[in-house]
Amino acid sequence: MPVQRWETLRRLKVTTTPVFDIEVVERRSPSGAEAKFFVANMPDWVNVLAFTADDELVLIRQFRQGTDTITLEIPGGVLDDGESFVDAARRELREETGYEAGELIEIGVVHPNPALQSNRTGTVLALNARLVHDTEFDEHEEIDVELAALSDVEAMVRSGEITHALVVAALYHHKIRVS
């Protein structure tokens, strides 16, 4: 028999934070087994692969609380209510880097961790990006902006300089959809 959805018996929100909610979800498998699972309900996120007219990728370097490290990433962030991936990409790119792009195209969507999280992350390709604004960081953001050739970025992934899984997924979407 092929894999089937499990029946949801109960949902109980156990905590709410500014970033996500945690629920205990009781489910029954098609075979009748019952179990409780913890689910982190988070808003959808967007990642932006912004390329300049010179084919340089716009990167950001910032401190990350979860790993207690400074990471090299691409711009991105949480979608506002009702916002599309493309609209969020336009906003996040401007806020975090000061860049705007001539064309924005959604090129892929992933589930960051479907075992525990309910959200999706969309990757948007932003072409002909150019610096036109001052940055507008969120309250706890401190970001340095860098430019790099795509071949250098691929080497940064191989060397471990870029380790953010969703950035690697975005780069893969670019490779299979655009390259």
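Read on for a plain summary of the structure.

Examining the packing of helix H2 (residues 150-159) against helix H3 (residues 165-177)
The N-to-C vectors of H2 and H3 enclose an angle of 135°; their axes lie 12 Å apart at closest approach. In this view, H2 runs oblique relative to H3, as classed from their interaxial angle. For the pair H2 and H3, the crossing hand works out as left-handed. Across the interface between the two elements, Leu150, Val153 and Val157 of H2 pack against Val168, Leu171 and His174 of H3. Here the contact of H2 with H3 is composed, by residue class, of five nonpolar, one polar and no charged.

Some details on the environment of Leu166
Here Leu166 is to be found in helix H3. With relative accessibility at 13%, the residue Leu166 sits in the buried group. Considered as a pair, Leu166 and Asn47 are 119 residues apart in the sequence and their alpha carbons are 7.7 Å apart. Every residue in contact with Leu166, bar those within four places of it in the chain, is listed here: Trp45, Asn47, Val110, Pro112 and Thr121.

Points about unusual backbone geometry
A negative phi angle characterises most non-glycine residues, just as the trans form characterises most peptide bonds. Located in the positive-phi region is Asp55, a residue other than glycine, with phi close to 65°. By the element assignment, Asp55 lies in the loop between strand S4 (45-52) and strand S5 (56-64). Overall, Asp55 belongs to the exposed group, its relative accessible area being 56%. Not every positive phi belongs to a glycine, and Asp68 is a case in point at roughly 60°. In this structure, Asp68 sits in the loop between S5 and strand S6 (69-73). For Asp68, a relative accessible area of 58% corresponds to the exposed category.

Things to note about the side chain of Glu23
Within the secondary structure, Glu23 sits in strand S2 (residues 21-28). At 3.0 Å, the side chain of Glu23 forms a polar contact with the side chain of Arg11. Separated by 2.9 Å, the side chains of Glu23 and Asn41 make a polar contact. Contacts of Glu23, omitting those with residues within four sequence positions, involve Arg11, Leu12, Lys13, Val14, Phe37, Phe38, Val39 and Asn41.

Some words on the pairing of S4
For a regular strand, the rule is simple: side chains alternate between the two faces of the sheet. Most of S4 sits inside the fold, with seven of its eight residues counted as buried. The pairing of S4 with strand S10 (residues 121-131) spans seven bridges and is classified as parallel. Paired with Val48 across the bridge in S10 is Val124.

As for the packing of aromatic side chains
Taken as a whole, this structure holds one aromatic pair when the rule is applied. Seen in terms of ring centroids, Trp6 and Phe37 are 5.7 Å apart; in terms of plane orientation they differ by 75°. Their pairing is edge-to-face. Of this pair, Trp6 sits in the segment before strand S1 (7-16) while Phe37 sits in strand S3 (residues 34-41), and the two are 31 residues apart along the sequence. Since its relative accessible area comes to 37%, Trp6 is described here as partly exposed. Note on Phe37: relative accessible area 34%, which makes it partly exposed.

Conventions we followed
Residues numbered from 1 in each chain as written. Predicted model: local features only at pLDDT ≥ 70, side-chain atom pairs only at ≥ 80, totals over all residues. Heavy atoms only, no water. Axes fitted to C-alpha atoms, helices over the stretch in contact; angles between N-to-C directions. Helix = DSSP H or I, 4+ residues; strand = E, 2+ residues; numbered from the N terminus. Parallel < 35°, antiparallel > 145°, perpendicular 65-115°, else oblique. Left-handed = near helix turned anticlockwise from the far one by under 90°. Contact = heavy atoms within 4.5 Å. Nonpolar A, V, L, I, M, F, W, Y, C, P; charged D, E, K, R; others polar. Buried < 20%, exposed > 50% of the residue type's maximum accessible area, 1.4 Å probe, protein only. Polar contact = N/O pair within 3.5 Å; in protein donor to acceptor, adjacent residues only side chain to side chain. Pairing = 2+ DSSP bridges. Phe/Tyr/Trp six-rings, centres within 6.5 Å; stacked < 30°, edge-to-face > 60°.

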